[in-house]
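Commentary on secondary and tertiary structure
Listed here are the chains, written in short residue letters.
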Amino acid sequence: MGISRSIRTAVIGAGPRGTSVLERLLANWASAGPAGTLHIDVVDPYPAGPGHVWQPGQSRLYLMNTQSFYPTVVPEDPELVPPLAGRTFDQWRERQQAHPHPSLTDEERAELSRLGEADFPSRALYGRYLRSTLEELLTVLPAGVSVDFHAATATSVRHAAADAAATLGPDLAASGPAGAEETSVRFDVVLDDGTVLTVDSVVLAVGHLDARLNPEQRELLSAAEELGLLYVPPAAPADVDWSRVPAGKTVLVRGMGLNFFDVMGQLTEGRGGRFVAGEGNAELTYLPSGREPLIIAASRRGTPYRAKATLTGYYPGTVRLRYCTEGAIAKFAESGIRPSFDYDLWPLLHRDAVWAYYSTLARSQPDAILTGPAEFLRALDESLRPHAHSTAKWEHTAESVIAVHVRASHRLDLLGLAAPLAGRSFDSRAELDDAVVDYLLDDARRSALGEDDPVKMAIGALHHGRAVLKTAVADSGITDESWVAGLRGWFESFVEGLASGPPALRSAQLAALARAGIVRFVGPDPKFGVDRRARKFTAASPWVGGGMAESADGGAEGAAMEPAGVGGAAAGGAGVRGFVGSTGVIGAASGTAHTGAVRDRTENAVSGSLAGAVSAAAMIEALAPANRVAVNSSPLLEQLLAEGLVRPRLMMSVEGTPVQTSGLDVVPHPYRPLGANGSVTPGLYVIGLQLSATQWGTAIAAEARPKSGPVYRSGQRTLRDADEIARDILAP
């Protein structure tokens, strides 16, 4: 690829994905033997490299959700041009331990000194890695390349030729690549400091954005302002001033996903409390500082995400996918079939989860098998073979095998893993608290067993399968109907609650806080309201100590599991289908999303229905701002949508009605947005979170090439996206 022209491009967003685009531009430019010039404008109000989320100065209590060996911002894909500089995070960690850079702070040196490849780094340290990578890239700029950084916010992107449309005519003003080559002018990028950048192309790498509050959240905020309460809406944890939460007072925290543990850390360890390990056991004890609030935690499940297993790699080595493989997925395309998630893909992964659980059980707990383990596994293997069934459902055959060979107390209840409190009610909040602590300790124990725990290996199979599915479902790989109702409708929340949890240490810490009386729980299906007489937020569960009898409709994180036990349903857009049940394998359950609304108990004269409710003068939404382009409060995105340069993607539901999805409508490859009229705007590119309607799992970082085990194509997908954009920008 020879390059003989001058190119100017703008990368909007200087976090990890923007940095990857910059790195790919430099590598491909150098590889091509440039004969012209390349100027790159990088726009972000936050420091380039770390961007908004990964700022090095944030609290070290905020941990990554992946271990040191996982993330990278530079590719290791042999099909791509090698990077000019940079390395994976783990390689950087090892290098800094051996030869610390003089600019490292004392805190960074201290963390690095004790950080192993299987430990969870702080987000601050990962931000330092990103900054170091960028700095290293800037020292090896190829000839003809210049880079300017603009610490500002891009507020609009428009065709630079628009003002000349009356003279040139609409066809030339909206011309494609040929017209652009003649004028070398494509876009005006306007910044909030008044700067206007005239460039040939624009890359939208905007990452995490703020979002407008939903109706319920707006009502809560309005009530807080009126009544003098504290309401913390969804936000990046590092952006919140946690000192506003008063010590010794009660605070409601809605959401028990990953952001919950950030809140928990800031209000406990962040205020001087300490966790100490017990003698002779792995349980922790919390020593309070006296400055903690009383945290009342709530989520639809009633429990936090399950913790990660203790493993030497990102995926369990003893689990190998047998059914949901990349080869099996490829056969659909070879046969001209566009698969459905529920009916084609999930049955394959479901089999893998069943096999992972019972093969681990037979190996680690042979006494749980009523017959010989080898005999059982042969029979189970035959029952799971996709070709072994014509009229009978494989689930029924597998269930019959399991019933004969496995003790009832050791049979897999996959639905129960996702909703451990389903089907239970509690006479008091103390009884609920004890149940949640038991769950946390049991989950931490299983995490410590690692590859010897059947439950964690069933989850490990789901984790493997998720990597395969990311490739399978991308770029309209499945039907719209199954994307809406299956993948995003129930599976996403289900698998995130099992396979995207925190480090096991966090579960042990939460159990210690609950035993110390610092954290208590609301219970499943919580309902939130405002008691205007008492000037308090309220929350209650219908399953705890005389709580409300009506069903939940609060907007919490994750899936809501109806208390129907086996075969129950998931709300929040999450109907749970085809789970392995308490007697083996069961059929499908479905659910309906509950959007919820704030209940003004005084005005509606139903305050008596709040028996058993908890109340507080402070409420925290422990979740990130919604990743939906239609509600993101970004002046740039709002302008692009309003003027029709981009549009949200619509998909058809099973009922035949259009559903607005979370991401932009794009065409591959590279990813370019479609305008309101369905046309592609040449020179405009998208990478990262705003691709969430064509890629699944856009939030996670690129995966470094593992030292052993399978290498999934989805692992470095975002880096290939960056490479495709770079090559298209540089194409003659």
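Residues numbered from 1 in each chain as written. Predicted model: local features only at pLDDT ≥ 70, side-chain atom pairs only at ≥ 80, totals over all residues. Heavy atoms only, no water.

1. Quick notes on the overall build of the protein chain
Within the protein chain, the regular secondary structure consists of 20 helices and 27 strands. When burial is assessed residue by residue, the protein chain has 55% of its 732 residues classed as buried. Counting only contacts in the protein chain whose residues sit at least 6 apart along the sequence, the fraction spanning at least 24 positions is 76%. Split by element, the accessible area of the protein chain, about 28200 Å² in all, is 51% carbon and sulfur. (Helix = DSSP H or I, 4+ residues; strand = E, 2+ residues; numbered from the N terminus. Buried < 20%, exposed > 50% of the residue type's maximum accessible area, 1.4 Å probe, protein only. Contact = heavy atoms within 4.5 Å. Areas by Shrake-Rupley, 256 points an atom, 1.4 Å probe, with all protein chains shown as cover.)

2. Regarding the nonpolar core
The biggest cluster of nonpolar side chains holds 57 residues, and the ones touching the most others in it are Y358 and F491. Broken down by secondary-structure element, the contributors of at least two residues to this core are α10 (326-334), α11 (341-364), α12 (373-384), α13 (394-405), α14 (414-418), α16 (454-473) and α17 (480-499). Sorting elements by how many residues they give to this core places α11 first, with 12 residues. Leave out the neighbours within four places in its chain, and Y358 touches F376, L377, L380, I402, V406, H410, R411 and L412. (Core = buried A, V, L, I, M, F, W, Y, C linked by side-chain atoms within 4.5 Å.)

3. Section: the side chain of Q716
If you trace the backbone, Q716 turns up in the loop between β27 (702-703) and α20 (717-730). Among the polar contacts made by the side chain of Q716, one reaches the main-chain amide nitrogen of E76 at a distance of 3.0 Å. Those residues in contact with Q716, other than ones at most four positions away along the chain, are T72, P75, E76, D77, E703, A704 and R705. (Polar contact = N/O pair within 3.5 Å; in protein donor to acceptor, adjacent residues only side chain to side chain.)

4. Quick look at the packing of α16 against α17
Interhelical geometry of α16 versus α17 gives an angle of 145 degrees and a closest axis separation of 10 Å. Every pair of crossing elements has a handedness; the one defined by α16 and α17 is left-handed. For the pair α16 and α17, contact is made by I459, L462, H463, R466, L469 and V473 and by W483, L487, F491, F494, V495, E496, L498 and A499, respectively. Class assignment of the residues belonging to the contact of α16 with α17 gives a composition of 11 nonpolar, 1 polar and 2 charged. (Axes fitted to C-alpha atoms, helices over the stretch in contact; angles between N-to-C directions. Left-handed = near helix turned anticlockwise from the far one by under 90°. Nonpolar A, V, L, I, M, F, W, Y, C, P; charged D, E, K, R; others polar.)

5. Focus: the confidence of the model for the protein chain
Residues shown with low pLDDT carry predicted positions that ought not to be read at fine detail. Model confidence for the protein chain is summarised by a mean pLDDT of 87, while 86% of its residues fall at 70 or above. In this model residues 163-183 is a low-confidence stretch, pLDDT under 50, and it forms 10 contacts with partners more than four residues away in sequence or in other chains. Here residues 547-584 is a poorly scored stretch, pLDDT under 50, and it has 161 contacts once near neighbours within four places are set aside; other chains count. (pLDDT = per-residue confidence, 0-100.)

6. A closer look at unusual backbone geometry
Cis geometry is found at the peptide bond from P668 to H669, where omega equals -15 degrees. Tracing the backbone through its elements, the reader meets H669 in the loop between β24 (666-667) and β25 (672-673). Despite not being glycine, D475 has its phi angle at roughly 55 degrees, a positive value. Tracing the backbone through its elements, the reader meets D475 in the loop between α16 and α17. The phi dihedral of D525 falls on the positive side, at around 50 degrees, and the residue is not glycine. Tracing the backbone shows D525 in the loop between β14 (519-521) and β15 (527-531). For D525, a relative accessible area of 8% translates into the label buried.

7. Side note on the pairing of strand β23 (residues 658-664)
Pairing geometry for strand β22 (residues 648-652) and β23, over 4 bridges, is antiparallel. Note on β23: the bridge partner recorded for P648 is L664. A loop of 5 residues connects β22 with β23, the two strands running antiparallel in sequence, and G656 in this loop sits at a positive phi of about 85 degrees. (Pairing = 2+ DSSP bridges.)

8. Considerations on the pattern of salt bridges
By the definition in use, this model includes 33 salt bridges. With a closest N to O distance of 3.0 Å, E226 and R532 form a salt bridge. Linking E226 in helix α8 (residues 215-227) with R532 in the loop between β15 and β16 (536-540), this pair joins segments that are 306 residues apart in sequence. Between E492 and R488 there is a salt bridge, and its shortest N-O distance comes to 2.8 Å. Of this pair, E492 and R488 both sit in helix α17, 4 residues apart, roughly one helical turn. One connected set of salt bridges, linked through shared partners, spans E23, R24, D723 and R727. (Salt bridge = Lys/Arg side-chain N within 4 Å of Asp/Glu carboxyl O.)

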